[in-house]
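# Topology and contacts: notes
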Amino acid sequence: MADIFLRRFGPLDMTNRAGLRNLAMTWVEETFQDVEHVSTETLQCLMGEEKEDLLLLDSRSASEFAISHLKGAVNIDPKSDKLQDIVQKLPVDGNKPNLCILCYCTVGYRSSLTAQILNRMHQEDEGQIRGTPLKVFNLKGGLVKWANEGRAMLDNHGNITRLVHPCNSTWGSLLEPELRAQV
């Protein structure tokens, strides 16, 4: 996906991190106009409320998830062609009146794709997945924005970390250097 981004915008000043982050966020939102994007501030508030009807889906590889993820997130491999099977295994309680699924990844592309697929499955199932009404969102800016704002993440051992797996060199350039995991 970074190659698509680079082809779309041509040569970029890779030293202007803030400008690149904004451009990447705009690109993701334009690419996935049918997905609702939620700000990091909104997610932080939702997580602070410890809402039982909030399910965080990390749409990155297992190695990326091991470096850092949001507290309580469930990892879903974005390359899986069996999202339907994965969804059937999610810890969803049919008694929750308004399940909210928030997808995230490094910058928002893979998670927007996951959200888009979930929304389609949701529509095909008359507004429900496994008998539960739900809303699906994407985290605007992904973990790049989250980490650059100094928000909390956990590593695979449950320890607080500031590091993010960069996914690739293009997305890595969106992170402040001290936030990039060395992979």
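Residues numbered from 1 in each chain as written. Predicted model: local features only at pLDDT ≥ 70, side-chain atom pairs only at ≥ 80, totals over all residues. Heavy atoms only, no water.

By the definition in use, this model includes 7 salt bridges. The residue R60 makes a salt bridge to D58 at a minimum N-O spacing of 2.8 Å. The buried category is assigned to R60, whose relative accessible area is 0%. Residue E64 pairs with R110 through a salt bridge whose shortest N-O separation is 2.9 Å. With E64 in helix α4 (residues 62-67) and R110 in helix α6 (residues 109-124), the pair connects residues that are 46 residues apart, well separated along the chain. Like E64, the residue R110 is buried in the burial classification. Among the ionic contacts, a cluster of salt bridges with common partners joins E41, K145, E149 and R151. (Salt bridge = Lys/Arg side-chain N within 4 Å of Asp/Glu carboxyl O. Buried < 20%, exposed > 50% of the residue type's maximum accessible area, 1.4 Å probe, protein only. Helix = DSSP H or I, 4+ residues; strand = E, 2+ residues; numbered from the N terminus.)

Next up on the list: the packing of aromatic side chains. Tallied over the entire structure, the rule returns 3 aromatic pairs. When the centroid spacing of 5.1 Å and the interplanar angle of 15 degrees are considered together, the rings of W27 and Y109 count as stacked. Of the two residues, W27 is situated in helix α2 (residues 17-31) and Y109 in helix α6; the sequence distance between them amounts to 82 residues. Accessibility classification places W27 together with Y109 in one group, the buried group. Ring geometry for W27 against W171: centres 6.3 Å apart, planes inclined by 40 degrees, an arrangement best described as tilted. Placement of W27 in helix α2 and of W171 in helix α8 (residues 169-172) is noted, with a sequence separation of 144 residues between them. For the residue pair W27 and W171, the accessibility class agrees, reading buried in each case. Taken together, the ring pairs in this structure connect W27, F32, Y109 and W171 into an aromatic cluster. Above the ring of W146, the side-chain terminus of R151 is found at 5.5 Å from the ring centroid. (Phe/Tyr/Trp six-rings, centres within 6.5 Å; stacked < 30°, edge-to-face > 60°. Lys NZ or Arg CZ within 6 Å of the ring centre and 35° of its normal.)

Turning next to unusual backbone geometry. In this model, C167 sits at a positive phi of 70 degrees, which is unusual for a non-glycine residue. Relative to the helices and strands, C167 is located in the loop between β8 (160-161) and α8.

Attention now goes to the pairing of strand β2 (residues 54-58). The two faces of a sheet get side chains in turn, since along a regular strand they alternate between them. Taking burial as the measure, the 5 residues of β2 include 5 buried ones, the bulk of the element. Along β2, one buried face is formed by L54, L56 and D58 and the opposite face, lined by L55 and L57, is buried too. In the sheet, β2 pairs with strand β4 (residues 99-104) via 5 bridges, with the strands oriented parallel. Within β4, the position partnered with L57 by the bridge is C103. (Pairing = 2+ DSSP bridges.)

In this structure, L43, L56, L70, I101, L102 and Y104 are the most contacted members of the largest nonpolar core, which totals 43 residues. Elements that contribute at least two residues to this core include exactly α2, α3 (40-48), β2, β4, α6, β6 (132-139) and α7 (142-148). Per-element accounting of this core gives the leading share, 6 residues, to β4. Filtering out sequence-adjacent residues up to four positions away, L43 remains in contact with V38, L54, L56, L70, L102, L139 and W146. (Core = buried A, V, L, I, M, F, W, Y, C linked by side-chain atoms within 4.5 Å. Contact = heavy atoms within 4.5 Å.)

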